[in-house]
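# Remarks on the overall topology
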Amino acid sequence: MTSLWACMTGADRLLTLALTLFALAGAGWLLSAPPGERILVDDGVQIVYQGGFDRVAELSFHGPMGTSRLAIAADGVRVIEAPCPQKLCMGMGPARRSGDLIACLPNRLLVRIVGAQPAEAVHDLISR
Amino acid sequence: MPWNRPWLLVVLLTLILAMSWWHWRPAGGEARQVRLLMGTTVEIVAFGDNQRRLEQAIDAAMDEMARLERLLGNGYPESDPDRINASDSAVTVAAETAAVLDLGLEIAQLSNGAFDLGLGRLKTLWGMEGPAPRVPDAGAVEAALAGVGPTALQLDGPQVTRRAAVAIDLGGIAKGEIVDHAVALLRRHGIEQAAVNAGGDMYLLGRHRDRPWRIGIQHPRQPGEVAATLHLADRAVVTSGDYERFFEQDGVRYHHLFDPRSGYPADACQSVTVVAESAVLADALATALFVLGVEDGLALLAHFPGSDALMIDAAGRQHLSAGMAAWLEQP
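Residues numbered from 1 in each chain as written. Chains lettered and ligands numbered in written order. Predicted model: local features only at pLDDT ≥ 70, side-chain atom pairs only at ≥ 80, totals over all residues.

### Re the nonpolar core
Note the threshold: The term nonpolar core means buried Ala, Val, Leu, Ile, Met, Phe, Trp, Tyr and Cys residues held together as one set by C-beta atoms within 7 Å. Think of it as a crowd count around each C-beta: if 20 or more other C-beta atoms lie within 10 Å the residue is buried, if 12 or fewer it is exposed, and in between it is partly exposed, with C-beta placed from the backbone throughout. Residues are scored as being in contact if the C-beta atoms we place from backbone atoms lie within 7 Å.
Counting 99 residues, the largest nonpolar core has B:A46, B:V196, B:A282, B:L285 and B:L289 as its most contacted members. Discounting chain neighbours no more than four positions away, the residues touching B:L289 are B:V272, B:V274, B:G297, B:L300, B:L301, B:A309 and B:M311. Counting 20 residues, the second-largest nonpolar core is a separate cluster that includes A:I72, A:V79, A:A82 and A:L109.

As structure tokens, then:
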């Protein structure tokens, strides 16, 4: 390597250093890209929230029947309060994997988990 | 770049080009839409190069599903089941309804009544679809089952006649038929890669871009976990489980999959997943196998070549049909 460095011109050395830094920065950027899933909340018309699992939070959404509340944690997002009579959405448990879907139909709330890179998702859909 | 430059420059440039290609490689178009239909979430995702065509095809498929919901469901003016239930004489139904009834009656007969299209009164009695489900008394259950059985309906082309005072409810089969119609419509629009998912009843059209679709099967007792992963293309998959819709009374869990022979929730399985060439067949078989249990269920499945099942019995043990392993992701 020493002999290689010695036979390079000053411009070659500068270019080599620049390309090395560029390649290292690019590799670090690709490797640090978010690997997992994102939460999309849809009110039947549009997406009203999107975010990741990197924070613990409780969110409130207002629908035709009242307020639904979601809890986001590292192990998933779940409905913790729903104004509908049967509260099936609360019984569906957490959604964490790409392809998971939770719905509160009476209050028109859809919670969908999508992969940041769908081609790499563990599951495209969940049959339940 | 001149080739008398040090090899290090060549390596670095190649590395940068490779990373750039990986990040910006063409992925093709994708369109996705979710609607609330049939009392559940319906999602269609489609892949292709023509974004406008994808979106038009999905719109048309969703509209078709909404139309069929009103035709095959209960409680709509266009409902064929409601028209049959309201008449004591023969009723002429739509071709789609006749097709569903034909398959449903075949499975009802082959399963010796473990699958039935006439459980409307029983379902109303239990109130599973309403805000206050309850365990009815035994006498009421017996009364709700009066006349129920594979011979309660007579189908002659588009003519349907009730031979007993049963209430038709196509809940165990209609969703699959509606998914199949959506898939057929996508095909007519030239779509070759798509998934139609109606609350877990789904058809996978073609492949997920360059690989089969990866479908997780919900674990019946561990929320958030999968019991198995399937790799599918051009197949339907439907799961029936006791964990989706249930209530508890006096410490006992009562779910929505009734055994037509007893009037009470079937208890032989925790879940059944069926892979078939059509969603309507997978839908009906999943319900029938759930009620029948492993031994009789797999015997029924043998009547339908090309269909396979993963059954999880009441003790949590997994049972596979002969061809199911081909669809399962190997550890």
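### What to know about the sheet that holds strand β15 (residues 318-320) of chain B
All names here are of chain B. Put simply, the rule reads: Pairing between two strands requires that DSSP report at least two bridges joining them. Numbering of helices and strands starts at the N terminus; helices are DSSP runs of H or I of at least 4 residues and strands are runs of E of at least 2. Under this scheme, a helix contributes an axis fitted over its contacting stretch, all axes are lines through C-alpha atoms, and angles between N-to-C directions fall in the 0 to 180 degree range.
Strand order in this open sheet of eight strands is β1-β2-β6-β7-β10-β13-β14-β15, and the pairing throughout is antiparallel. Across the chains shown, the open sheet's two edge strands, defined by having one partner strand only, are β1 (29-37) and β15. Within the sheet, the average angular offset between the axes of one strand and its neighbour, ignoring direction, is 10°. Two strands pair when backbone bridges link them, and β1 and strand β2 (residues 40-48) are joined in this way by nine bridges, in the antiparallel orientation. Looking at the pairing, V34 lines up with E43 of β2. Lying over the sheet, helix α2 (residues 51-72) contacts β1, β2 and β6 (193-198), oriented at roughly 20° with respect to β1. Contacts from helix α9 (residues 294-301) reach β13 (269-276), β14 (308-313) and β15, with the element oriented near 170° to β14.

### Overview of the packing of helix α8 (residues 279-292) of chain B against α9(B)
All names here are of chain B. Note the threshold: Classification used: nonpolar for Ala, Val, Leu, Ile, Met, Phe, Trp, Tyr, Cys and Pro, charged for Asp, Glu, Lys and Arg, polar for all others including Gly.
Two elements in contact, α8 and α9, have axes whose closest approach is 7 Å; the angle formed by their N-to-C orientations is 145°. Here L285, A288, L289 and L292 of α8 lie close against α9, whose contacting residues are D296, G297, L300 and L301. Broken down by class, the residue content of the contact of α8 with α9 amounts to six nonpolar, one polar and one charged.

### Digging into the environment of B:R162
Residues and elements named next belong to chain B. In this structure, R162 sits in strand β5 (residues 159-162). Between the alpha carbons of R162 and S89 there is a distance of 7.3 Å; along the sequence they are 73 residues apart. Here R162 is in contact with I84, A152 and L153, once residues within four sequence places are set aside.

### Focus on the pairing of β5(B)
All names here are of chain B. By the alternation rule, side chains of β5 split into V160 and R162, which are all buried, and Q159 and T161, of which none is buried. Sheet topology places strand β3 (residues 91-92) next to β5; two bridges connect them, and they run antiparallel. In the sheet register, T92 faces β5, and the bridge partner there is Q159. Across four bridges, the pairing between strand β4 (residues 153-156) and β5 is antiparallel. Within β5, the position partnered with L153 by the bridge is R162. Hairpin geometry of β4 and β5 is characterised by an intervening segment of two residues between the two adjacent antiparallel strands and by a positive phi of about 65° at G157.

### Some remarks on α2(B)
Residue and element names in this part refer to chain B. The condition that has to hold: The span expected for a helix works out to 1.5 Å for each residue beyond the first.
Between the first and last C-alpha of α2 there are 31 Å, a value that for 22 residues agrees with the 32 Å anticipated at 1.5 Å per step. Among all positions in α2, only L54, A57, I58, A61, M62, M65, L68, E69, L71 and L72 are buried. Contacts from the buried residues of α2 go to β1, β2, α3 (80-85), α4 (95-110), α7 (174-188) and β6.

### Quick look at α4(B)
Residues and elements named next belong to chain B. In this model, α4 (16 residues) spans 23 Å end to end at C-alpha, consistent with the 22 Å of a helix rising 1.5 Å per residue. Of all the positions in α4, only T97, V100, L101, L103, G104, L105, I107 and A108 are classed as buried. Just downstream of α4, N112 is the residue with a positive phi angle, here 55°.

### A few points about the interface of chain B and chain A
If you look at the interface, chain B gives 39 residues, while chain A gives 36 residues. Looking at the side of chain B that touches chain A, the elements that each hand over two or more residues are α1 (7-24), β1, β2, β6, β8 (213-218), β9 (226-232) and β10 (235-241) of chain B. For the side of chain B that touches chain A, the leading source of residues is α1(B), giving eight residues. In terms of strand pairing, strand β8 (residues 125-127) of chain A meets β8(B) through three bridges, oriented parallel.

### As for the packing of α2(B) against α4(B)
Residue and element names in this part refer to chain B. The test is simple: Throughout, a crossing is termed right-handed when the near helix is turned clockwise from the far one, and left-handed when it is turned anticlockwise from it by less than a right angle.
Where α2 meets α4, the closest approach of the two axes is 10 Å, and the angle between their N-to-C directions is 65°. In this structure, α2 meets α4 at a crossing whose hand is right-handed. Residues L68, L71 and L72 of α2 form the contact with α4, whose participating residues are E96, T97 and V100. Class assignment for the residues of the contact of α2 with α4 results in four nonpolar, one polar and one charged.

Functional significance is not addressed by these values, which are geometric in nature.
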